[in-house]
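Structure assessment
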Amino acid sequence: LTYVRTYVRIYAATAVAAPAADPAVVVTAGGKAVPTATLTAVADALRASAALVVDAEGKRVRRAAPLRPAAEVAAEADGRSLYATPFPHDASLDALAAFFEAAAAAALGGDSKAGGAAAAPAAPAAVASVRMRRHLASKDFKGSVFVEFTGPAAAAAILAALPAAKEGAAAPSPPDPSEDPAAALAGHPAWLVFEGAPVRVEAKSAFVERKLADRAA
């Protein structure tokens with residue numbers, strides 16, 4: 001039933017031309033009739049979702065609220081997202097997600113002292129998604145990610161904990177470790193170091209604006 005609730009939320013969110021859907025469509029397999037008891041159970045399960053509205057007969061389901069403009073949703077997501085680099089090319093998605101969970105917990109908890117242990121991930125999860133950036137042709141991992149948090153507080157706390165931010169610098173990012181390893185680690189939060197390399201971060205919106213400006217130059 002959890003799967004059915006998820007499927008119907010997706011259906012209701014994308015079927016703009018059909019404001020109300022029939023739950024029977026979701027549970028029908030190969031055109032076979034669905035038992036009434038099954039449809040009743042599905043309708044009862046869907047009623048538990050705050051995102052959906054099911055009619056009294058359990059035969060029609062629709063979104064509880066209209067879809068928000070895509071640009072508005074994207075801007076909101078960008079506001080709680082960071083660009084981060086570098087990461088090893090063999091880093092796994094699970095390892096990256098766990099790293100940012102711990103970083104968010106440490107930043108929100110005020111643990112920004114270099115040399116300290118990474119804090120345990122907070123509950124509920126602070127990370128909504130991690131998008132590993134890849135080369136267009138080879139699909140190889142570039143070593144950088146976009147990480148979206150469930151709220152803007154975690155992203156803001158991570159940026160605020162960086163030494164450059166505390167000094168009032170415009171770009172809260174440590175020096176490139178390949179140029180000066182000692183300077184890169186100086187004052188950098190220990191919980192923002194991945195396999196010995198300090199992770200450079202900035203707001204996703206700032207990164208996108210910088211890249212667009214570079215391309216226009």
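Residues numbered from 1 in each chain as written. Predicted model: local features only at pLDDT ≥ 70, side-chain atom pairs only at ≥ 80, totals over all residues. Heavy atoms only, no water.

**As for the pattern of salt bridges**
Counted by the stated rule, this structure contains seven salt bridges. Between Arg68 and Glu72 there is a salt bridge, with its nearest N and O atoms 3.0 Å apart. With a relative accessible area of 39%, Arg68 lands in the partly exposed category. Notably, a salt bridge pairs Arg68 with Glu76, separated by 2.9 Å at the nearest N-O pair. The network of salt bridges with common partners includes Arg68, Glu72, Glu76, Arg80 and Glu148. (Salt bridge = Lys/Arg side-chain N within 4 Å of Asp/Glu carboxyl O. Buried < 20%, exposed > 50% of the residue type's maximum accessible area, 1.4 Å probe, protein only.)

**A few points about the confidence of the model for the chain**
Detailed conclusions should not be drawn from predicted coordinates in areas where pLDDT is low. Per-residue pLDDT for the chain has a mean of 78; in total, 68% of the residues score no lower than 70. Note that pLDDT drops below 50 for residues 112-122; the model gives that stretch 23 contacts with residues more than four away or on any other chain. The low-confidence segment residues 168-172 (pLDDT under 50) makes seven contacts with residues lying over four places distant or belonging to another chain. (pLDDT = per-residue confidence, 0-100. Contact = heavy atoms within 4.5 Å.)

**Quick notes on the nonpolar core**
Core analysis: the largest hydrophobic core is formed by 31 residues, its most contacted members being Phe87, Leu96, Phe100, Val145, Phe149, Ile158 and Leu192. Contributions of two or more residues to this core are made by strand E4 (81-85), helix H5 (93-108), strand E5 (127-134), strand E6 (141-149) and helix H6 (152-160). Not counting residues up to four positions away in its chain, the partners in contact with Phe149 are Arg80, Leu82, Phe100, Ala104, Ala126, Val127, Ala128, Ala154, Ala155 and Ile158. Residues Val42, Ala43, Leu46 and Val54 belong to the second largest nonpolar core, which totals six residues. (Core = buried A, V, L, I, M, F, W, Y, C linked by side-chain atoms within 4.5 Å. Helix = DSSP H or I, 4+ residues; strand = E, 2+ residues; numbered from the N terminus.)

**Points about the sheet that holds E6**
The four strands lie next to each other as E5-E6-E4-E9, forming an open sheet whose pairing is antiparallel. Single-partner strands in this sheet number two, and they are E5 and strand E9 (200-203). Taking each pair of neighbouring strands and ignoring which way they run, the sheet shows an average axis angle of 25 degrees. Inspection of the sheet shows E4 paired to E6 by four bridges, in the antiparallel sense. Its bridge partner lying in E6, Tyr83 is registered against Phe146. (Pairing = 2+ DSSP bridges. Axes fitted to C-alpha atoms, helices over the stretch in contact; angles between N-to-C directions.)

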